[in-house]
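The chain contents come next:
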Amino acid sequence: MAAAPPAAPHPLAPLFHPRTVAVIGASSDPHKIGGRTFRYLRDNWKDGALYPINDRYSEVQGVPTLPTVADLPDGVDLAFVIVPAPAVADAVAACAEKHVRTVVIFSSGFAEIGEEGRLAQERIRAVARAASMRVVGPNCMGVMNVRSGLWGTFTGSFDYEKPLPGRVGMI
């Protein structure tokens, strides 16, 4: 009897079980949104390569940076977009060009602010669809996989108490 073909990876695997993660807008300040997210990932996630992206500094929190998304290797699984709203569409387009599989957008200033923001959000959606890229956000708190240490969020709550793996999942 022939062996069954390997199962295709789950379409959300790059989001919850990434092998490569980029933080666009990583900050040297570990208490800013881009700094806290980067710090949580650097300190807790050990499943792959972590790329801080910041065009103003050669390193962030002791880790060498890449100046732009274009400097990433092709096919990064997950990118956190932590830049001001006017720069988000360009960041997402750059991710699409580098074949990033999933982006999580923390930035606000989109459909929740009115028609101009809604149109900007639609542009992001069009780029993502054309690239078959999954998007979480904009204006979200991030994603987490406590078991793997993927703390892709900026909440300060985890500065005081670490989450423990359990049997409950939340979406």
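Scroll up to find the structure.
Residues numbered from 1 in each chain as written. Predicted model: local features only at pLDDT ≥ 70, side-chain atom pairs only at ≥ 80, totals over all residues. Heavy atoms only, no water.

Topic: the overall build of the protein
The helix and strand tally for the protein stands at 4 helices and 9 strands. Overall, the protein shows an N-to-C arrangement of helices and strands of α-β-α-β-β-β-β-α-β-α-β-β-β. Here the C-alpha radius of gyration of the protein, 16 Å, is about what a compact globule of 171 residues would show, namely 16 Å. Along the first, second and third principal axes, the C-alpha atoms of the protein reach 60 × 40 × 30 Å. (Helix = DSSP H or I, 4+ residues; strand = E, 2+ residues; numbered from the N terminus. Rg over C-alpha atoms; globule rule 2.2 N^0.38 Å.)

Considerations on the packing of aromatic side chains
Tallied over the full model, the rule gives 5 aromatic pairs. Aromatic side chains Phe80 and Phe106 sit 5.8 Å apart centroid to centroid with 45 degrees between the ring planes, which places their arrangement in the tilted category. A residue pair is termed long-range when its members are at least 10 positions apart, and Phe80 in strand 5 (residues 78-81) and Phe106 in the loop between strand 6 (102-105) and helix 4 (115-130) qualify at 26 residues. Across the pair, exposure class does not vary: Phe80 and Phe106 are buried alike. Relative to Phe154, the ring of Phe106 has its centre 5.0 Å away and its plane inclined at 65 degrees; by these criteria the two rings are edge-to-face. (Phe/Tyr/Trp six-rings, centres within 6.5 Å; stacked < 30°, edge-to-face > 60°. Buried < 20%, exposed > 50% of the residue type's maximum accessible area, 1.4 Å probe, protein only.)

Describing the environment of Val146
Within the secondary structure layout, Val146 lies in the loop between strand 8 (142-145) and strand 9 (150-153). Exposure remark for Val146: the relative accessible area of 25% places this residue in the partly exposed category. Between the C-alpha atom of Val146 and that of Ala130, which follows or precedes it by 16 residues, the distance is 31 Å. Once residues lying within four places of it in the same chain are set aside, the contact partners of Val146 are Trp151, Pro163, Leu164 and Pro165. (Contact = heavy atoms within 4.5 Å.)

Digging into helix 2 (residues 33-44)
Given a rise of 1.5 Å per residue, 12 residues ought to cover 16 Å, and the 17 Å separating the end C-alpha atoms of helix 2 matches this to within 8%. Taken across its 12 residues, helix 2 has 9 buried, putting it largely inside the fold. Residues of helix 2 that are buried: Gly34, Gly35, Arg36, Thr37, Phe38, Arg39, Tyr40, Leu41 and Asn44. On its buried side, helix 2 packs onto strand 1 (20-24), strand 2 (49-53), strand 3 (59-60), strand 4 (63-64), strand 5 and strand 9. (Expected span 1.5 Å × (residues − 1).)

Observations regarding the pattern of salt bridges
Applying the stated criterion across every chain yields a total of 7 salt bridges. The salt bridge involving Arg39 is made with Asp159; its shortest N-O contact spans 3.0 Å. Separated by 120 residues along the polypeptide, Arg39 in helix 2 and Asp159 in the segment after strand 9 bring together distant segments of the chain. Under the relative-accessibility criterion, Arg39 is labelled buried at 16%. For Asp159, a relative accessible area of 30% puts it in the partly exposed group. Taken together, the shared-partner salt bridges connect Arg36, Arg39 and Asp159 into one network. (Salt bridge = Lys/Arg side-chain N within 4 Å of Asp/Glu carboxyl O.)

With respect to unusual backbone geometry
Residue Gly137 is joined to Pro138 through a cis peptide bond whose omega torsion reads 10 degrees. Relative to the helices and strands, Pro138 resides in the loop between strand 7 (134-136) and strand 8. A positive phi angle, close to 50 degrees, is found at Gln61, a residue other than glycine. The exposure class of Gln61 is buried, given its relative accessible area of 17%.

Considerations on the nonpolar core
The biggest cluster of nonpolar side chains holds 22 residues, and the ones touching the most others in it are Ile24, Val81, Val88, Cys95, Val103 and Met133. Broken down by secondary-structure element, the contributors of at least two residues to this core are strand 1, strand 5, helix 3 (85-97), strand 6 and helix 4. For this core, the element with the highest residue contribution is helix 3, accounting for 5 residues. Apart from residues lying up to four places away in sequence, Val81 is in contact with Ile24, Val88, Ala91, Val103, Val104, Ile105, Phe106 and Ser107. (Core = buried A, V, L, I, M, F, W, Y, C linked by side-chain atoms within 4.5 Å.)

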